[in-house]
Amino acid sequence: VCAITILLLMPGSALRQMILSAKKVDRGIVGEVFSFSAPLYGADIFQYLYSRLTVLILGALMLPGSVAIYGIAGKLPESCGRILQSLLVVYFPSVTELISSGRREEGARLMNVVLLIVAVLLSAATLVAFVLQEQIVLLLFSAQYLEADPILPLLMCGFAFAGMTQLMNSTAVASGFSSVPIRVSTISSFVNVVC
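Here the structure is a predicted model, which means the values were calculated and not measured.

Student: Describe in detail the overall build of the protein chain, supporting the description with residues and values.
Tutor: Each helix and strand counted, the protein chain has 9 helices and 0 strands in total. From first element to last, N terminus to C terminus, the protein chain shows the α and β order α-α-α-α-α-α-α-α-α. Out of the 195 residues belonging to the protein chain, those deemed buried represent 25%. Of the roughly 13,100 Å² that the protein chain leaves accessible, carbon and sulfur atoms contribute 72%.

Student: Residues and numbers for a nonpolar patch on the surface, please.
Tutor: Taken together, the side chains of Leu-127, Val-128, Phe-130, Val-131, Leu-132 and Leu-154 present a nonpolar region at the surface, about 570 Å² in accessible area. The element best represented in the nonpolar patch is helix α6 (residues 104-131), accounting for 4 residues. Relative to the assigned elements, Leu-132 resides in the loop between α6 and α7 (133-140). Take Leu-132: its relative accessible area is 38%, and that puts it in the partly exposed class.

Student: Break down the pattern of salt bridges for me, with residues and values.
Tutor: A side chain of one charge can pair with a side chain of the opposite charge if their charged atoms are brought near each other. Here the structure, examined in full by the defined rule, presents 1 salt bridge. Residue Arg-109 pairs with Glu-105 through a salt bridge whose shortest N-O separation is 3.9 Å. Taken together, the positions of Arg-109 and Glu-105, both in helix α6 and 4 residues apart, correspond to about one turn of that helix.

Student: Explain the environment of Phe-190 residue by residue, including any values.
Tutor: Note on placement: Phe-190 falls in helix α9 (residues 180-194). Note on Phe-190: relative accessible area 59%, which makes it exposed. Remark: the alpha-carbon pair of Phe-190 and Tyr-50, spanning 140 residues in sequence, is separated by 9.1 Å.

Student: Describe in detail the nonpolar core, supporting the description with residues and values.
Tutor: Grouped together as the largest cluster of nonpolar side chains are 20 residues, with contacts concentrated most on Tyr-91, Val-95, Val-118, Leu-122, Leu-152 and Leu-167. Counting only elements with at least two residues in this core, the list comes to α5 (75-100), α6, α7 and α8 (151-174). In terms of residues, this core owes the most to one element, α8, which gives 7 residues. In contact with Leu-152, other than residues within four places in its own chain, are Ala-73, Leu-76, Pro-77, Ala-129, Gln-133, Ile-136 and Val-137. With 5 residues, the next largest nonpolar core counts Ile-72, Ala-73, Ala-148 and Leu-155 among its residues.

Student: Describe α6, listing the residues and the values that go with them.
Tutor: Between its first and last C-alpha atoms α6 spans 40 Å; for 28 residues at 1.5 Å apiece the expected length is 40 Å, and the two agree. Among the residues of α6, Gly-107, Met-111, Val-114, Leu-115, Val-118, Leu-122, Thr-126 and Ala-129 are the ones counted as buried. Elements in contact with the buried residues of α6: α5, α7 and α8.

Student: Give me the side chain of Thr-126: which residues, what numbers.
Tutor: Its location among the elements puts Thr-126 in helix α6. When its relative accessible area of 8% is taken as the criterion, Thr-126 is described as buried. Not counting residues up to four positions away in its chain, the partners in contact with Thr-126 are Pro-153, Met-156, Cys-157 and Ala-160.

The rules behind each value
- Residues numbered from 1 in each chain as written.
- Predicted model: local features only at pLDDT ≥ 70, side-chain atom pairs only at ≥ 80, totals over all residues.
- Heavy atoms only, no water.
- Helix = DSSP H or I, 4+ residues; strand = E, 2+ residues; numbered from the N terminus.
- Buried < 20%, exposed > 50% of the residue type's maximum accessible area, 1.4 Å probe, protein only.
- Areas by Shrake-Rupley, 256 points an atom, 1.4 Å probe, with all protein chains shown as cover.
- Patch = residues over 30% accessible without salt bridge, like charges linked within 9 Å, V, L, I, M, F, W, Y side chains within 5 Å.
- Salt bridge = Lys/Arg side-chain N within 4 Å of Asp/Glu carboxyl O.
- Core = buried A, V, L, I, M, F, W, Y, C linked by side-chain atoms within 4.5 Å.
- Contact = heavy atoms within 4.5 Å.
- Expected span 1.5 Å × (residues − 1).

Structure (structure tokens):
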């Protein structure tokens, strides 16, 4: 279905125009686009493989019941991750526009404010998870899953670090440093696998 849709849309697309006017395309710009985007694609592929590796490690080291408890404890960080993604959808274009239009000082101020607010919110959420872990599990799930309460704060702590890393990666990309996410992902993934 996707292939048929793409084939139907191609005759009127900009891709067709680009192919027909291939002589007009500046090869230097194409090279710049690929050199900027290749590390970003590499970081995405690396993150995908890393997420599969962690599932493999957990599956090998834990019993099925423990994996289920881990899954329950991971629901709150997953939900917080979706909220962070929503923020990034709004934040990234705004900061990129500020920087690309030459208003670097305003862009830097926005970056610092967002980083500070998100760091405070993630720290507060992690602290709440540590203090109220049992009540959170009872409120969101049930007494049947109380085994998940010691895992919840640890996963929230991990999410806090991952969330800040993701936000700083987006900030680096918005500033024009596309190779930063792959380096940060490599180091943080190695540390996480070892831990």
